[in-house]
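# Observations on the three-dimensional arrangement
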Amino acid sequence: MNFPILHIPVVGDGMVIALDAVLHVCISHGLAIGLMTMIVIFQTLAWRGKGQFWASAARSLLGPLVVVTTSVGAVTGVGIWFLTGSLAPEGIGALIHLFFWPWFIEWFAFTAEVILLLCYYYLWNRLITEKPGVLAAIGWGYVAASVFSGILISGILGFMLTPQGWPWGRTFAEAYFNPTFVPQCFLRLGGGMAIGALLALAWTAWRFKAPAEQRGRVLRLCGLALLFSLPITAAASYIYFSRVPQTYLTHWKFAVATSYMTQLPDFLPAANTAAVLVLVLAGLAALARSPWASRLLCIPALLLSLCMVMEFERVREFIRGPYLVPGYMQANQIPLVEAQALAATGQPLLPRLHWINSSGTLPPARQAARALFAANCGVCHTESGINGIDQRLAGRSADGIDAMLGITERLAPYMTPFVGSEQERALLTEYLFQLSSDYARRAAPAAREK
């Protein structure tokens, strides 16, 4: 453990990374790929003589897209690097060493995206009448760069769930062209196109000022794009999850519904089916050129598509269980080889945590216990807050907590085993027992009032 381990209190690492990542994915896929593709299609239709109202529709969407993608989209993208680099430096370091060239090329693709998007926006007024073909070429160049960027990142993200034989063979091809690489490419591009078509549909239904016949034609194209994208996304999703090991998929419902709704096994499949039905109805309403039906359905369809993005990201992150990279590194950033060596020899973990600051106001034993908690548990649990360990262990005895630390990987398939010596386990047990006892004392008055 050569890097400092930082954890976000109360809210937790996972929640902060998830909020940033979901927002970035919705912008980078739904807007930067999907909506921008719709804009370029509109402008190309105007260039091919299908009516200047297509150019008006494209221009009305272009301004907001440029603002959101170059501000919120760019900031959240950098935010992912900042958060994961700070909270999971060992994991990110390993991925950078393995995927240096795809990430290096992806940064050039991203730079090309920004340049082409700004050229498309700032040259619009000059080229739309004089050289619309050149403007369309710039737009399609941007679409190609954004699709290429999405494909590049899919191999890396797929590797984190399905590294296949890489932990043994250690070849780049095994890592990058993993079993979920191809379906994830289609899933991300198809899903992004569906969200982009929905956004264009909503904008046209609510904001586009044009005669009814022209607005109907724009709605119809948005509906076609949405209905075309949905089967691709659904098929890619099915193939993607069919290639995920079954041992991971067994707890996908728990990943989304958590323990509160796991007694309703049919709830999530039914909810997903209903969400897809709403999306299809929104596409059919637009295909029928019905502005009022499109207005009625586009908002719930957009909200449900956001929920489905959140569900996919949550499942993808959660089901790989106790691993950051299966077969190589645990979720707590301790490589499997190191964890197994420590377990076999009974050596302590603390000497390997070079980032511990021995100065401070806490007693050395409590400071060491906090470091053990941060290294073993902090990636998923806060001390007190979301998924707080104090509430989880409230009412447990010290002996019970010690026993649980010895079998964490058997208590739940997604929990990492404790890494450290017997003395360190006793130290952590005492620390966790103190946290849970403090929580129980705080909760007792509230319980009596009820």
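The numbering scheme is per chain: residues are counted from 1 as the chain's sequence reads. pLDDT decides what is reported in this predicted model: residues at 70 or higher carry local features, side-chain atom pairs at 80 or more are listed and counted, and totals for whole chains, interfaces and linings draw on all residues regardless. Hydrogens and water molecules were not included; the side-chain quantities draw on all heavy atoms of the structure.

## A closer look at the domain arrangement of the protein
Much of the literature gives interface size as the accessible area that the parts lose upon coming together. Segmentation into domains, and thus their bounds, comes from an automatic or database assignment. When cut into domains, the protein gives domain 1 (13-330) and domain 2 (336-444). Computed from C-alpha atoms alone, the centre-to-centre distance between domain 1 and domain 2 is 38 Å. Two residues qualify as a contact provided that any one of their heavy atoms is within 4.5 Å of a heavy atom in the partner residue. Counting residues at the interface gives 12 residues for domain 1 and 11 residues for domain 2. Here's the idea: put two parts together, see how much 1.4 Å probe accessible area each one loses, and the total over both is what we call buried area. Summing both partners gives a buried area of about 940 Å² for domain 1 against domain 2, and 65% of it is carried by carbon and sulfur. Salt bridge criterion: a side-chain nitrogen from Lys or Arg within 4 Å of a carboxyl oxygen from Asp or Glu. Where domain 1 touches domain 2, the interface holds 0 salt bridges. Polar contacts, as used here, are pairs of N or O atoms within 3.5 Å; protein pairs need one atom able to donate a hydrogen and one able to accept it. Residues neighboring in sequence count only if both atoms are side-chain atoms. Counting across the interface, domain 1 meets domain 2 through 1 residue pair in polar contact (both at pLDDT 80 or more). Numbered from the N terminus, helices here are DSSP runs of H or I no shorter than four residues, and strands are runs of E no shorter than two. If you list the elements that add at least two residues to the side of domain 1 that touches domain 2, you get α1 (13-47) and β2 (329-330). For the side of domain 1 that touches domain 2, the residue count by class is 7 nonpolar, 4 polar and 1 charged. Each residue is assigned to one class: nonpolar for Ala, Val, Leu, Ile, Met, Phe, Trp, Tyr, Cys and Pro, charged for Asp, Glu, Lys and Arg, and polar for all the others, Gly among them.

## What to know about the packing of aromatic side chains
Remark: the centre distance and the inter-plane angle together describe each pair of aromatic rings, the angle taken between the planes. Pairing of aromatic side chains here covers Phe, Tyr and the six-membered ring of Trp, requires ring centres within 6.5 Å, and sorts the geometry by plane angle: under 30 degrees stacked, over 60 edge-to-face, intermediate tilted. Throughout the structure, instances matching the rule amount to 24 aromatic pairs. Their ring planes at 80 degrees and their centres at 5.0 Å tell us that Tyr121 and Tyr122 sit as a pair that is edge-to-face. Between Phe241 and Phe312 the ring centres are 6.1 Å apart and the planes differ by 75 degrees, which places this aromatic pair in the edge-to-face class. Taken as a pair, Phe241 in helix α10 (residues 212-242) and Phe312 in helix α14 (residues 291-318) lie far apart in primary sequence, 71 residues in all.

## Topic: the pattern of salt bridges
Pairs can form between side chains of opposite charge once their charged atoms are near each other. By the definition in use, this model includes 9 salt bridges. Each of Arg188, Glu313, Arg316, Glu317 and Arg320 takes part in salt bridges that share partners, so that together they form one network.

## As for the packing of α1 against helix α2 (residues 53-87)
Between two packed helices, the angle of one axis relative to the other and the distance separating the axes together describe the packing. Relative orientation of the contacting elements α1 and α2 amounts to 155 degrees, with a least axis distance of 8 Å. If you check the angle between α1 and α2, you find them roughly antiparallel. When you trace α1 past α2, the crossing you get is left-handed. The angle between two axes is taken between their N-to-C directions and runs from 0 to 180 degrees, where each axis is a line fitted to C-alpha atoms and a helix contributes only its stretch in contact. Geometric relationships in this document are graded by angle, where less than 35 degrees denotes roughly parallel, more than 145 denotes roughly antiparallel, 65 to 115 denotes roughly perpendicular, and other angles denote oblique. By definition, turning the near helix anticlockwise from the far helix through less than a right angle yields a left-handed crossing, and turning it clockwise yields a right-handed one.

## A word on the environment of Arg441
Structurally, the position occupied by Arg441 is in helix α20 (residues 422-449). The buried label goes to any residue with under 20% of its type's maximum accessible area, the exposed label to any with over 50%, and the partly exposed label to all in between, with areas taken from a 1.4 Å probe on protein chains only. Take Arg441: its relative accessible area is 53%, and that puts it in the exposed class. Measuring from C-alpha to C-alpha, the distance between Arg441 and Gly158 comes to 45 Å, with 283 residues separating the pair along the chain.

## A look at the layout of surface pockets
Computed from the structure, the second largest pocket encloses a volume of approximately 1,000 Å³. Looking at the lining of the second largest pocket, the elements that each hand over two or more residues are α1, α9 (181-207), α10, α13 (267-287) and α14. The element that contributes the greatest number of residues to the lining of the second largest pocket is α10, accounting for 9 residues. The residue inventory of the lining of the second largest pocket, partitioned by class, reads 22 nonpolar, 10 polar and 3 charged. A cavity, in this analysis, means grid points on a 1 Å lattice covering only the protein atoms where a 1.4 Å probe fits yet has no way out; a pocket is instead an open set bounded by protein on both sides within 12 Å along at least five of seven lines, and a residue lines either one if it has an atom within 4 Å of a point. Grid points are joined across faces, edges and corners, and a volume is the space filled by probe spheres set on the points.

## Comments concerning the side chain of Asn332
Along the chain, Asn332 turns up in the loop between β2 and α15 (336-345). A polar contact is formed between the side chain of Asn332 and the side chain of Gln330, at a distance of 3.1 Å. Polar contacts involving the side chain of Asn332 include one to the main-chain amide nitrogen of Ile334, which spans 3.2 Å.

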